[in-house]
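Below are the chains, spelled out letter by letter.
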Amino acid sequence: MPELPEVEALALDLSGRLEGRAVATVHLAAFSALKTFDPPLSALDGSFVEGVSRHGKFLDIGVGGLHLVLHLARAGWVRWRDEVPAVPPRPSTKSTLAARIVLDDDTGLDVTEAGTRKSLAMYVVRDPADVPGIARLGPDPLSAEFTRDTLADILTAAGRAQVKGVLRDQSTIAGIGNAYSDELLHAARLSPFKPANSLTPEQVDQLFAAIDAVVGDAVRRSRGLAASELKGEKKSNLSVHGRTSEKCPVCGDVVREVSFADSSLQYCPTCQTGGKPLADRRMSKLLK
């Protein structure tokens, strides 16, 4: 799933590509992806791109006073095309193509989503805050307003909720998903199941420093990369997420996994849980 660093870099890459261009038309290939009807998608036709920005994990393309907002969900992506086909795409449930944005010079963007679980969402709105997911977003880790005290307040307010879930909740902190929450907790040496309000002041310090280092470094590495390079960059720099049974790069212990119905988490027992493997969350309580 694209998270804050990838969407930030994607916005930067597209800003350069779309500067000075106008949208000729937008072809919708997956009708379920478009979540709004007013303004219509056709309202973008013939308007110039005014900028590309990010809100949490949402990509915002400003076009002629309106906003084309994309949420790429778990398996969505944006692919640049130096030349778009002359024939519009046919709607199909078997295709990965959700939409094609055609520019005035016949270049364009394909918005795609792999897999059978279709969650990608596209909105045409007058204000980004008209998108419910954006309106609910918590503070952004890259903003100056996100301080150590902000994080402490969030953790206290979350009560006994697991710290990993708090990090992933977009209404508390914007932009962090499954992968980077694993990475942050590994860097901060915290169990993913630790109750949020049980962190000591020192552990809050560690987690805040991890957010700054891990997310900040990922953003810095990703800047300047083309969209086609971002997924590989992310995967190659993860320490524990997606690395079950590999060696922890910090201590050499084996990275373990806890599986859920539709996701999984990875962690290092030595670094994060005092050497104790966590049982499957579906069957046991937290091992501190």
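Here the structure is shown first, and the text comes after it.
A few points on the structure. Counting restarts for each chain: residues are numbered from 1 in the order of the written sequence. Where local features are concerned, this predicted model is filtered to residues with pLDDT of at least 70; where side-chain atom pairs are given and counted, the filter is 80 or more; whole-chain, interface and lining totals use all residues. Note that the side-chain values use all heavy atoms of the structure and ignore hydrogens as well as water.

1. Describing helix α1 (residues 4-18)
Residue pairs three or four apart in sequence face the same way in an α-helix, which turns once every 3.6 residues.
Reasoning step 1: With 15 residues, α1 ought to run about 21 Å at 1.5 Å a step, and its terminal C-alpha atoms sit 21 Å apart, in line with that.
Reasoning step 2: Using a 1.4 Å probe on the protein chains alone, a residue whose accessible area is under 20% of its type maximum counts as buried, one over 50% counts as exposed, and one in between counts as partly exposed. Each helix is a run of DSSP H or I of at least 4 residues and each strand a run of E of at least 2, with the numbering of both proceeding from the N terminus. For α1, every residue scored as buried is listed here: Leu4, Pro5, Glu6, Val7, Ala9, Leu10, Ala11, Asp13, Leu14 and Leu18. For a helix, the expected span equals 1.5 Å multiplied by the number of residues minus one.

2. Here we look at the state of the cysteines
In protein chemistry, a disulfide is the covalent bond that joins the sulfur atoms of two cysteines.
Reasoning step 1: We call a pair of cysteine sulfur atoms a disulfide when they lie within 2.5 Å. Taken as a whole, this structure holds zero disulfides when the rule is applied.
Reasoning step 2: Looking at the unpaired Cys271, the closest cysteine sulfur is the one in Cys268, lying at 3.6 Å.
Reasoning step 3: With a relative accessible area of 5%, Cys271 lands in the buried category.

3. Things to note about the sheet that holds strand β2 (residues 49-55)
Reasoning step 1: In this scheme, strands are said to pair when DSSP sees at least two bridges between them. Taken together, the four strands give an open sheet; going across it, the order is β2-β3-β4-β8, and neighbouring strands pair in antiparallel fashion. Sheet topology places β2 and β8 (121-125) at the edges, where each strand pairs with a single neighbour. Here the average twist between neighbouring strands, direction ignored, is 15 degrees.
Reasoning step 2: Sheet topology note: the strand β3 (residues 58-63)/strand β4 (residues 66-71) ladder contains six bridges and is antiparallel. Residue pairing in the sheet places Gly62 in a bridge with His67 of β4. Orientation is described by lines fitted to C-alpha atoms, with helices fitted over the stretch in contact, and by angles between N-to-C directions that extend from 0 to 180 degrees.

4. A closer look at the packing of helix α5 (residues 178-188) against helix α6 (residues 201-222)
Reasoning step 1: Contact pair α5 / α6: the axes reach a minimum separation of 8 Å and the direction vectors enclose 130 degrees. With respect to α6, the axis of α5 lies oblique. Here the hand of the crossing between α5 and α6 comes out right-handed. Here α5 contributes Tyr180, Glu183, Leu184, Leu185, Ala187 and Ala188 to the contact with α6, which in turn contributes Gln206, Leu207, Ala210, Ile211, Val214, Val215 and Ala218.
Reasoning step 2: Amino acids are sorted into nonpolar (Ala, Val, Leu, Ile, Met, Phe, Trp, Tyr, Cys and Pro), charged (Asp, Glu, Lys and Arg) and polar (every other residue, Gly among them). Looking at the contact of α5 with α6, its residues break down into eleven nonpolar, one polar and one charged. An angle below 35 degrees is treated as roughly parallel, one above 145 as roughly antiparallel, one from 65 to 115 as roughly perpendicular, and anything else as oblique. Crossings are classed by handedness, with left-handed meaning an anticlockwise turn of the near helix from the far one by less than a right angle and right-handed meaning a clockwise turn. Contacts are assigned to residue pairs that have any heavy atoms within 4.5 Å of one another.

5. A word on unusual backbone geometry
Working note: non-glycine residues mostly have negative phi, and peptide bonds are mostly trans.
Reasoning step 1: Cis peptide bonds are those with omega within 30 degrees of zero, and the linkage from Asp38 to Pro39 qualifies with 5 degrees.
Reasoning step 2: Assignment of secondary structure puts Pro39 in the loop between β1 (23-28) and β2.
Reasoning step 3: We note that Arg189 has phi near 60 degrees; this positive angle belongs to a residue other than glycine.
Reasoning step 4: Examined against the element boundaries, Arg189 turns out to sit in the loop between α5 and α6.

6. Here's the deal with the nonpolar core
Reasoning step 1: What is meant by a nonpolar core is a set of buried Ala, Val, Leu, Ile, Met, Phe, Trp, Tyr and Cys residues, joined one to another through side-chain atoms within 4.5 Å. Among the nonpolar cores identified, the biggest contains 35 residues, and Leu10, Leu44, Leu59, Ile61 and Ile101 are the most heavily contacted of them.
Reasoning step 2: Sorting elements by how many residues they give to this core places α1 first, with six residues.
Reasoning step 3: The residues contacting Ile101, other than those within four sequence positions of it, are Val23, Thr25, Val26, Ile61, Leu68, Thr107, Gly108, Leu109 and Val111.
Reasoning step 4: Leu151, Leu190, Leu199 and Ala210 belong to the second-largest nonpolar core, a separate cluster that totals 26 residues.

7. A look at the sheet that holds β1
Reasoning step 1: If you walk across this open sheet you meet the four strands as β1-β6-β7-β5, and the pairing is antiparallel. At either end of the open sheet lies a strand with only one pairing partner, and these are β1 and β5 (76-81). Between one strand and the next, the sheet's axes are offset by a mean angle of 15 degrees, whatever the strand orientation.
Reasoning step 2: Pairing geometry for strand β6 (residues 97-103) and strand β7 (residues 108-113), over five bridges, is antiparallel. Pairing of Leu97 across the sheet is with Thr112, part of β7.

8. Points about the pattern of salt bridges
Reasoning step 1: Whenever a carboxyl oxygen of Asp or Glu lies within 4 Å of a side-chain nitrogen of Lys or Arg, that contact is scored as a salt bridge. The final tally for this structure, using the stated rule, is 17 salt bridges.
Reasoning step 2: Where Arg223 meets Glu8, a salt bridge forms, and the shortest distance between an N and an O atom there is 4.0 Å. Residue Arg223 is located in the loop between α6 and α7 (227-236), and its partner Glu8 is located in helix α1; the two are separated by 215 residues in the primary sequence.
Reasoning step 3: Classification of Arg223 as partly exposed rests on a relative accessible area of 44%.
Reasoning step 4: Between Arg148 and Asp205 there is a salt bridge; the shortest N-O distance is 2.8 Å.

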